[in-house]
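What the coordinates show
The chain contents come next:
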Amino acid sequence: TVSPGFDDDVAMLVSQRERPGAGPRLNGDFFDTRCLKPAVMLQFEAQIKLVEAGTENPALCDVASIRTAVDACPALRFEVEDAFGNIVFAELLRSYPGVQNWVADGWNEFRAEIHLPPGVQWDGSVSAEGVFFHFRSFPSNLDMLLDNVLVRQIK
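Residues numbered from 1 in each chain as written. Predicted model: local features only at pLDDT ≥ 70, side-chain atom pairs only at ≥ 80, totals over all residues. Heavy atoms only, no water.

Turning next to the overall build of the protein chain. In terms of regular secondary structure, the protein chain is built from zero helices and nine strands. Start at the N end of the protein chain and walk to the C end: the helices and strands fall as β-β-β-β-β-β-β-β-β. In terms of overall size, the protein chain behaves like a compact globule, its C-alpha atoms giving a radius of gyration of 16 Å where 155 residues would be expected to give roughly 15 Å. Within the span of the protein chain, comprising 155 residues, buried residues form 47% of the whole. Accessible surface computed for the protein chain: about 8,100 Å², of which carbon and sulfur atoms make up 48%. Taking the 13 positively charged and 22 negatively charged side chains of the protein chain as two groups, their mean positions are separated by 6 Å. (Helix = DSSP H or I, 4+ residues; strand = E, 2+ residues; numbered from the N terminus. Rg over C-alpha atoms; globule rule 2.2 N^0.38 Å. Buried < 20%, exposed > 50% of the residue type's maximum accessible area, 1.4 Å probe, protein only. Areas by Shrake-Rupley, 256 points an atom, 1.4 Å probe, with all protein chains shown as cover. Lys, Arg positive; Asp, Glu negative; His and termini not counted. Charge placed at Lys NZ, Arg CZ, Asp CG, Glu CD.)

Below you can see the structure in the form of structure tokens.
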């Protein structure tokens, strides 16, 4: 669903979540997978806003909490699968630099660095369909607005 965004009229609205682990799982169609190599560092950025489920009422979360069913802010699971569907790399990130207290009635910046380990063997079989960015691990009674998603190689 589309909702007013961070700096324009469009943002992704994620609603009707039945459990804390549910959330948008974006595949890497927008991502150049040629940069997935050992020891590469990626930066993922997005603007996030939470509202009470089914409403436009602003909602709070605790950026320091990991209590996913209670008060945790959304986390990002970055996952890479090979051509056979085997997970070759996965990492759960909860990173809101500069955000000490969640701004309920505004947008909050999520920014995380993803370090692809040097020991993982990338055999060239990773395609865009096997790269996933999955926001999850926050209370199911909240809807999430997601905007300005950016992924870039920084090292």
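Taken as a whole and assessed by the stated rule, the structure comprises nine aromatic pairs. Where Phe 44 meets Phe 135, the ring centres are 5.8 Å apart and the plane angle is 55°; that geometry is what we call tilted. Here Phe 135 lies in strand E8 (residues 131-136) and Phe 44 lies in strand E4 (residues 41-52), a separation of 91 residues in the sequence. Overall, Phe 135 belongs to the buried group, its relative accessible area being 1%. For the pair Phe 78 and Phe 133, a centre-to-centre distance of 5.1 Å together with 45° between the ring planes defines the contact as tilted. Residue Phe 78 is located in strand E5 (residues 75-81), and its partner Phe 133 is located in strand E8; the two are separated by 55 residues in the primary sequence. (Phe/Tyr/Trp six-rings, centres within 6.5 Å; stacked < 30°, edge-to-face > 60°.)

A few words on the nonpolar core. Residues Phe 44, Phe 78, Phe 110 and Phe 135 are the most contacted members of the largest nonpolar core, which totals 34 residues. The greatest single-element share of this core, amounting to five residues, is contributed by E4. (Core = buried A, V, L, I, M, F, W, Y, C linked by side-chain atoms within 4.5 Å.)

Time to look at the environment of Pro 24. Residue placement: Pro 24 occurs in the loop between strand E2 (11-14) and strand E3 (25-27). According to the relative accessible area criterion, Pro 24 is buried, its value standing at 8%. A C-alpha to C-alpha distance of 17 Å links Pro 24 and Ser 95, two positions 71 residues apart in sequence. Those residues within four positions of Pro 24 in sequence are excluded, and the remaining contacts are Met 12, Val 14, Phe 133, His 134, Phe 135, Met 144 and Leu 146. (Contact = heavy atoms within 4.5 Å.)

Across three bridges, E2 lies against strand E9 (residues 142-153) in antiparallel orientation. Each bridged residue has a counterpart across the sheet, and for Met 12 the counterpart in E9 is Leu 146. Relative to E9, E4 runs antiparallel, the two sharing 10 bridges. Considered in E9, the bridge of Glu 45 is made with Leu 150. (Pairing = 2+ DSSP bridges.)

Here the phi dihedral of Gln 16 falls at roughly 55°; this positive angle occurs in a residue that is not glycine. Structurally, the position occupied by Gln 16 is in the loop between E2 and E3. Classification of Gln 16 by relative accessible area gives exposed; the value is 75%.

Moving on to the pattern of salt bridges. All chains considered together, the criterion is met by six salt bridges. Salt-bridge contacts for Arg 67 lead to Asp 71; the nearest nitrogen and oxygen are separated by 2.4 Å. Here Arg 111 ties to Glu 109 by a salt bridge, and the two come within 3.2 Å at their closest N and O atoms. Counted as one network, the salt bridges with shared partners bring together Arg 25, Arg 77, Glu 79 and Glu 81. (Salt bridge = Lys/Arg side-chain N within 4 Å of Asp/Glu carboxyl O.)

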